[in-house]
Amino acid sequence: MYGYEFLTNLKRIEIDITYDCKLQCPNCARSCSQAPDVSAMSPKQIDKFVKESLSNQVKWEIIGVLGGEPMLHPELGEILEILIDYKENFSPESVIKITTSGYGKEVKDAISNVPKGVVVNNTGKKQAYQEKFEPFNMAPIDQWKFFLSDYRNGCSTTTDCGLGLNKYGYYPCGPGGSIDRVMGFDIGLKHLPLSNYEIFPQMETLCRYCGHFCSRHFIHKEERESITGSPMSSSWIDAYADFKKQKPNLTEY
């Protein structure tokens, strides 16, 4: 093999605007149930992201708006207006896609108010238990078979979904940002990365704790093994215990 297997797609981005979620699914890849946190990105931060995109002439293929449950963000309308303005006036081919669980009256009401120009990806969850989630909290660093791994190889999430952005900055992927907010490395980039070389140091730190690295390649939901309970390796047991005692204080984007 020559080069790295999964480079981050720098034309796609997932923006986690909030980690608030009423559904609280076990094994959540954003740790919404394991490490609850209602903090959210501000419209000012979204505006900063758009200005960076404009100044660097970045025309995104997909801008994903996620969480948590993004429909619970109190300023969702303003955030979507900023992104729609970017699309209409600079990058009309960009797809703005908001992903929701579709769970609960508050969420359903918010879905009905999503403006034109935004694609709604409603996953239609009915309960907290998700049988086909991957075991996100089984850190490869806690497993001998990954002892010699080069974590800069990433996984299919980095190529399929692209960069992650949350209130603490840019990451190789969305799950990477959620790892940092729990473990408190404070390594979110405060500027839009234009090269994978800027991201590699983050991957060396973050991917060693991500259960997605264990499978590497995307596995279709129908082909995944059913998950029982909340499998969790020692690094995550310690991290969640520390988070419960004191939430990390990270610098904001």
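Heads up: the structure comes first, above all this text.
These numbers were taken from a predicted model, which means no experiment stands behind them.

What counts, and where the lines are drawn
- Residues numbered from 1 in each chain as written.
- Predicted model: local features only at pLDDT ≥ 70, side-chain atom pairs only at ≥ 80, totals over all residues.
- Heavy atoms only, no water.
- Core = buried A, V, L, I, M, F, W, Y, C linked by side-chain atoms within 4.5 Å.
- Buried < 20%, exposed > 50% of the residue type's maximum accessible area, 1.4 Å probe, protein only.
- Helix = DSSP H or I, 4+ residues; strand = E, 2+ residues; numbered from the N terminus.
- Contact = heavy atoms within 4.5 Å.
- Patch = residues over 30% accessible without salt bridge, like charges linked within 9 Å, V, L, I, M, F, W, Y side chains within 5 Å.
- Areas by Shrake-Rupley, 256 points an atom, 1.4 Å probe, with all protein chains shown as cover.
- Salt bridge = Lys/Arg side-chain N within 4 Å of Asp/Glu carboxyl O.
- Pairing = 2+ DSSP bridges.
- Right-handed = clockwise from strand over helix to strand, strands pointing away.
- Axes fitted to C-alpha atoms, helices over the stretch in contact; angles between N-to-C directions.
- Parallel < 35°, antiparallel > 145°, perpendicular 65-115°, else oblique.
- Nonpolar A, V, L, I, M, F, W, Y, C, P; charged D, E, K, R; others polar.

**Observations regarding the nonpolar core**
Next, step 1: Counting residues in each nonpolar core, the largest one holds 41 residues, and the members touching the most others are Ile13, Ile15, Phe49, Trp60 and Leu83.
Next, step 2: Counting residues per element, the ones that place at least two in this core are strand 1 (12-16), helix 1 (43-55), strand 2 (62-66), helix 2 (76-89), strand 3 (95-100), helix 3 (105-112), strand 5 (163-166) and helix 6 (200-206).
Next, step 3: If one sorts the elements of this core by residue count, helix 2 sits on top with 7 residues.
Next, step 4: Filtering out sequence-adjacent residues up to four positions away, Trp60 remains in contact with Leu10, Lys11, Arg12, Ile13, Phe49, Ser53, Tyr86, Ser91, Ser94, Leu163 and Leu192.
Next, step 5: Residues Tyr171, Ala239, Tyr240 and Phe243 belong to the second largest nonpolar core, which totals 16 residues.

**Things to note about a nonpolar patch on the surface**
Next, step 1: Where nonpolar side chains cluster on the molecular surface, the patch consists of Trp144, Phe147 and Leu148 and spans about 510 Å² of accessible area.
Next, step 2: With respect to the helices and strands, Leu148 occurs in the loop between strand 4 (118-122) and helix 4 (156-161).
Next, step 3: By relative accessible area, Leu148 is classed as exposed at 78%.

**Things to note about the pairing of strand 3**
Next, step 1: Here strand 2 pairs with strand 3 via 4 bridges, running parallel. Bridging from a neighbouring strand, Ile63 pairs with Ile96 of strand 3.
Next, step 2: The handedness of the strand 2 to strand 3 crossover, carried by helix 2, is right-handed.
Next, step 3: In the sheet, strand 3 pairs with strand 4 via 5 bridges, with the strands oriented parallel. By the bridge assignment for strand 4, Ile96 is matched with Val118.
Next, step 4: Chirality of the crossover, the property in question, places the unit of strand 3, helix 3 and strand 4 among those that are right-handed.

**A closer look at the pattern of salt bridges**
Next, step 1: The final tally for this structure, using the stated rule, is 11 salt bridges.
Next, step 2: For Asp37, the salt bridge is made with Arg181, and the minimal N-O distance between the two is 3.7 Å. Note that Asp37 is positioned in the loop between strand 1 and helix 1 and Arg181 in helix 5 (residues 174-183), a separation of 144 residues in sequence. For the pair formed by Asp37 and Arg181, the shared burial category is buried.

**A closer look at the packing of helix 1 against helix 2**
When two helices pack together, their arrangement is captured by the angle between the axes and the distance separating the axes.
Next, step 1: Close contact between helix 1 and helix 2 brings their axes to 9 Å; oriented N to C, the two are set at 10°. In terms of orientation, helix 1 lies roughly parallel with respect to helix 2. Here helix 1 contributes Pro43, Ile46, Asp47, Phe49, Val50, Ser53 and Leu54 to the contact with helix 2, which in turn contributes Glu78, Ile79, Ile82, Leu83 and Tyr86.
Next, step 2: Residues of the contact of helix 1 with helix 2, tallied by class, amount to 9 nonpolar, 1 polar and 2 charged.

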